[in-house]
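Structure assessment
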Amino acid sequence: MPQSWYIRELTGRKLVWNIFFYLGHIGVFAYGWQKQMRDPRLAGLNTLKFSVWISRGAGLALGVDGLFLVLPVLRNLIRLIRPSIVAFIPMDENIWFHRQFAYSTLLFTIVHTTAHYVNMISVERTQIRKEMAWAIMYTQPGGFTGHVMLVLMFLMYTTAHQRIRQQCFEAFWYTHHLAFFFLLGLYTHATGCFVRGALPGQPVKCLGYFSWTWTIWGGILYFLERCVRVYRSHRPTKIVGVLMHPSGAMEIRFEKPDFKYKAGQWLFLNVEEVSKWQWHPFTISSAPDDPYVSVHIRQVGDFTNSDDVPTERRALGERLGCTSSVAAEASQTASGLLVDEKSISDFRYSGGDAYIDVGAALSQAGRMPRLKIDGPFGAPAEDVFSNEVAILIGTGIGVTPFASILKNIWYKQQRRQLGALRRVEFIWSNRDTGSFEWFQDLLKSLEEKQTDPNFLRISMYLTGKVDLGMMQNIAINDVGESFDPLTNLRSRTHFGRPNYGKIFTSVHEAIENGSYLTGRESSLVTKVGVYYCGPGGLAKTLKDETKKASSGTINDSFACSAFT
């Protein structure tokens, strides 16, 4: 059952945040109100009383929001400061912070605009200035920029809704870039000097708060951020491989000499032939020690899947040769439904890792598209090695950050550089058997090369329906075998959804009774990190189960890279 907004936003740390956040805004609002009301030079405007005081207080609050609205999306800055402050500030929830300032901006915009409409009408009625209301609202800089910002906000806020993003990401992507013009309007909003006055016998002066002088620094930082990202994205990038995995998963491998990253991080990807302006986020599935960088992409949505786009525009999968027919052949071969593997050109089945190499033909013909990469950027999963116990949970294509982490664990094992990490629990759920083929070779290699049989435990869950023929095949091939007939791993596949509460409780009980970590001192606190990548709905459940299983001797932390 999905959590209510109240439980999600008004409990725990978020409740504390909201209290200080809105108390701070109320304080700024009150300061703006009082400063306007007590300034003798503004005696003329103050005859309008509450409407002008409210508009001024809300305007100052909007100045504060205008500064902090862009700071959470400065990804390069966050990447630099994240390691040193993530223990105190949840930097991985930067988009959540961005939304909070966006909500506040919307609230105070409504208050500010409503109060100003009353102000304009009152100015015309009282004639404290010889001006018409419509002229102030639509011909003067303050009114004109205000109405332009309202239109831009309507476009940005409506297309930012979750359902709109899911159904038409392009609408969200393009309208959100109107933020440049919104910020420009914000910085020039007060140039008309509506708030002006003077003491008797003195020249009239503009008496605004001049909030643009400090609000603009957020815009300057954002502009510099974009310049860095544009410069970095135009550095040479070469696609060295395109692989079609079962169940429609596409893998792109590329080389970028100056690209340095950590396991678990992510990047933005752009292919101009598919969409010149769209940059889409994907998790890095390779490890830093690999000779290439790779991303695994599930073909859904109008950017990756040709079935979801108009015929005049090719999707990424079709442009790279990963069409639905090739995906079907890969899945059939991986499932053993095709007897003659030679019927598919460039088919590979190495150690259980099945794929079709579709990039070789494109490379030989010189038809490989130009790829742009921006990143890498930080993610919670990069902190795995700071825990004694890491529980990695992936669903479907959400396994990609953990593929990178598991590879990196293996490399670090060879160099004896695991840091604090002593045990790893890897849990992967899929709806169909073909999806297990994506990283089967990696998992089998990791399982075979473990010198400590207790260090890595792999748990695979098949959550989709299993037909009678498959069940019979599994039953026949499972008798007396050392390896699972579905995954070819020593670890047996479980059927149905994982009981995460039971899993977490059993791990915690084993830690506390000393059977899980050898040599653990009962007086010490064990650090357990739960990392999840998958649909947002399950993230809330996992977070709750993590809290339930916590105890005084075990310090649990939960982090997720949820997608919707």
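As the structure is a prediction and not an experimental result, all values here were calculated from the model.

Parameters at a glance
Residues numbered from 1 in each chain as written. Predicted model: local features only at pLDDT ≥ 70, side-chain atom pairs only at ≥ 80, totals over all residues. Heavy atoms only, no water. Pairing = 2+ DSSP bridges. Helix = DSSP H or I, 4+ residues; strand = E, 2+ residues; numbered from the N terminus. Axes fitted to C-alpha atoms, helices over the stretch in contact; angles between N-to-C directions. Salt bridge = Lys/Arg side-chain N within 4 Å of Asp/Glu carboxyl O. Buried < 20%, exposed > 50% of the residue type's maximum accessible area, 1.4 Å probe, protein only. Contact = heavy atoms within 4.5 Å. Lys, Arg positive; Asp, Glu negative; His and termini not counted. pLDDT = per-residue confidence, 0-100. Parallel < 35°, antiparallel > 145°, perpendicular 65-115°, else oblique. Left-handed = near helix turned anticlockwise from the far one by under 90°. Core = buried A, V, L, I, M, F, W, Y, C linked by side-chain atoms within 4.5 Å. Phe/Tyr/Trp six-rings, centres within 6.5 Å; stacked < 30°, edge-to-face > 60°.

Taken together, the 3 strands give an open sheet; going across it, the order is 6-5-10, and neighbouring strands pair in antiparallel fashion. Every interior strand has two partners, whereas the edge strands, strand 6 (280-283) and strand 10 (371-377), have only one. Within this sheet the neighbouring strands show an average axis-to-axis angle of 30°, counted without direction. The pairing of strand 5 (residues 266-271) with strand 6 spans 4 bridges and is antiparallel. Looking at strand 6, one finds that L267 is bridged to F282.

To continue, consider the environment of C533. As for its position among the elements, C533 is in strand 15 (residues 526-535). Counting along the chain gives 135 residues from C533 to G398, while the straight-line C-alpha distance between them is 4.8 Å.

Turning next to the pattern of salt bridges. For side chains bearing opposite charge, pairing can occur when the charged atoms are close. Evaluation of the coordinates by the stated rule reveals 11 salt bridges. D39 is paired through a salt bridge with R41; the nearest N and O atoms lie 3.1 Å apart. Here R41 falls in the partly exposed class, since its relative accessible area comes to 33%. We note a salt bridge from D258 to R235, for which the minimum N-O separation is 2.5 Å. Highlighted residues: D258 in the loop between strand 4 (249-255) and strand 5 and R235 in the loop between helix 12 (212-233) and strand 3 (238-244), separated in sequence by 23 residues. Residue R235 is classed as partly exposed on the basis of its relative accessible area, which comes to 29%. Connected through shared salt-bridge partners, R229, R232 and D374 make up one network.

In this fold, H176 is placed in helix 10 (residues 169-176). Put simply, H176 and L155 are 21 residues apart on the chain and 8.1 Å apart in space, counted from C-alpha to C-alpha. Contacts of H176, omitting those with residues within four sequence positions, involve H98, M156 and A160.

Inspection of the secondary structure assignment puts K412 in helix 16 (residues 400-415). Within the buried core, K412 has no salt-bridge partner, and the shortest N-O distance to an opposite charge, that of D289, equals 6.8 Å. Aside from chain neighbours lying at most four places away, what touches K412 is F385, Q417 and L418.

Further remarks concern the confidence of the model for the protein chain. Per-residue pLDDT for the protein chain averages 79, and the proportion of residues at 70 or more is 81%. Across the protein chain, the element-wise mean pLDDT spans from 38 in strand 8 (residues 347-350) up to 93 in helix 8 (residues 141-159). Note that pLDDT drops below 50 for residues 308-313; the model gives that stretch 8 contacts with residues more than four away or on any other chain. In the predicted structure, residues 334-352 sits below a pLDDT of 50 and forms 34 contacts with residues beyond four places in sequence or in another chain.

Close contact between helix 16 and helix 17 (residues 440-448) brings their axes to 11 Å; oriented N to C, the two are set at 30°. With respect to their mutual orientation, helix 16 and helix 17 come out roughly parallel. The hand of the helix 16/helix 17 crossing is left-handed. Where helix 16 abuts helix 17, its residues A403, L406, K407 and W410 lie against L442, L443 and L446.

The subject of this paragraph is the nonpolar core. Core analysis: the largest hydrophobic core is formed by 31 residues, its most contacted members being L392, L406, I409 and F426. No other element matches helix 16, which puts 5 residues into this core. Not counting chain neighbours up to four residues away, the residues in contact with I409 comprise F385, L418, L421, V424 and F455. If you look at the next biggest cluster of nonpolar residues, it comprises 25 residues, including M244, F282, L316 and L320.

In total, this model carries 22 aromatic pairs according to the counting rule given. On the numbers, 6.3 Å between centres and 35° between planes, the contact of F29 with F108 is tilted. Of this pair, F29 sits in helix 2 (residues 12-37) while F108 sits in helix 6 (residues 94-126), and the two are 79 residues apart along the sequence. An identical accessibility class is assigned to F29 and F108; each is buried.

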